[in-house]
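Here's the letter readout for the chains.
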Amino acid sequence: MQLFLDTANLDEIQEIAAWGVLDGITTNPSLVVKEKRDFKKLVQEICKIVSGPVSAECVSEDLEGMLKEGRDIATWAENVVVKVPLTPAGLGACKQMSKDGIKVNVTLCFSVNQALLAARAGAYFVSPFVGRLDDINQDGSDLVSQIAEMYHIQALDTQVLAASIRTPMHVQQAALGGADACTMPFKVFKQLVSHPLTDAGLEKFLADWKSAKAAV
Ligand code: G3P
C-alpha cells in the first residue's frame, strides 16, 4: 500500500519526505486555503518535492467548468492528479479527462456503487472517506475492503485510495483490507513510526553502549 500525506503544508511534506517512504500527496480545497498561497504555485512546489502522484481538486460544480479547470491543473506538473467529486458532473469530467490520458482521483466516495461508477468512468484513484463514515456510525474501513474486493472481482484497474483517515488503526485496516494507497494527516503519519518499546529498547541499547565504553 502506498503511503500519502493529506496536506498542502510544505513543512509537513518536507519532513515526511525525508523518511524516504512518502509515495504521494492529496490536497483538497479546505487544506489548500489554510496555506494562504497561490494554488497553482503551491501545487507545483509540492510536485517538485514529491515525485509520486499529487492530487489537486477542481472547485467547479458543472461538467464544463470542471473539464476546463481539470485540463488546466493537468498541465501544472507531470505528477499532478486531477481530483473531482463523485457527482454526475465529476463522473463525466473523469470519463473525458481519462480518455485524454489525464489521471483522475474521484473523491468523496461513500459507497461501493459510487466506487463502481468511478471505475467505469476511468478513475485512476477512487477515494473512500473512512473517518466521515465512522462519524455517522458506519464502518468506513469496511467500505475500503468492500471496494477493493469488488474491483478485484470485476477486474477493474482503479486504485483504492483510503482517505479521511483519522487514526493509525484506520491505516492498518486499509492495508489489511487491500487498499492500494492510504492518505493521512501529518499527525497520523508520525504516529505510524512511534512505539514505546522502540523508544525504551533504543534507550537501553545506547545506555549499555555508553557504560561499556566508559569502562574501557
Ligand atoms: O482526503 C480527504 C480528507 O482530507 C478528508 O478528511 O478528516 O476532513 O474527513 P477529513
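Residues numbered from 1 in each chain as written. Predicted model: local features only at pLDDT ≥ 70, side-chain atom pairs only at ≥ 80, totals over all residues. Heavy atoms only, no water.

**A closer look at the site of the ligand**
- The immediate surroundings of the ligand are formed by Asp 6, Asn 28, Phe 129, Arg 132, Ala 163, Ser 164, Arg 166 and Thr 183.
- In this structure, Asp 6 approaches the ligand through a side-chain N or O atom, which is 2.6 Å from an oxygen atom.
- Ser 164 is positioned such that a nitrogen or oxygen atom in its side chain is 2.7 Å from an oxygen atom of the ligand.
- Look at the ligand: alone it shows 310 Å² of surface, and the protein chains cover 81% of it.
- Assessed atom by atom at 2 Å from the grid points, the ligand resides in the largest pocket.
- Tallied by class, residues from the shell around the ligand come to two nonpolar, three polar and three charged. (Near = heavy atom within 4 Å. Polar contact = N/O pair within 3.5 Å; in protein donor to acceptor, adjacent residues only side chain to side chain. Areas by Shrake-Rupley, 256 points an atom, 1.4 Å probe, with all protein chains shown as cover. 1 Å grid on protein atoms, 1.4 Å probe; cavity = no way out; pocket = protein on both sides within 12 Å on 5 of 7 lines; lining within 4 Å. Sits in = over half its atoms within 2 Å of the grid points. Nonpolar A, V, L, I, M, F, W, Y, C, P; charged D, E, K, R; others polar.)

**A few points about the state of the cysteines**
- One pass over the full model with this rule turns up zero disulfides.
- Distance from the sulfur of Cys 58, which forms no disulfide, to the nearest cysteine sulfur (Cys 94) is 11 Å.
- Judged by relative accessible area, Cys 58 falls into the buried class, the value being 4%. (Disulfide = S-S within 2.5 Å. Buried < 20%, exposed > 50% of the residue type's maximum accessible area, 1.4 Å probe, protein only.)

**Here's the deal with the environment of Ile 136**
- Positionally, Ile 136 belongs in the loop between helix H7 (130-135) and helix H8 (140-154).
- Judged by its relative accessible area of 53%, Ile 136 is exposed.
- When the C-alpha positions of Ile 136 and Asp 62 are compared, they lie 28 Å apart, and in sequence the two are 74 residues distant. (Helix = DSSP H or I, 4+ residues; strand = E, 2+ residues; numbered from the N terminus.)

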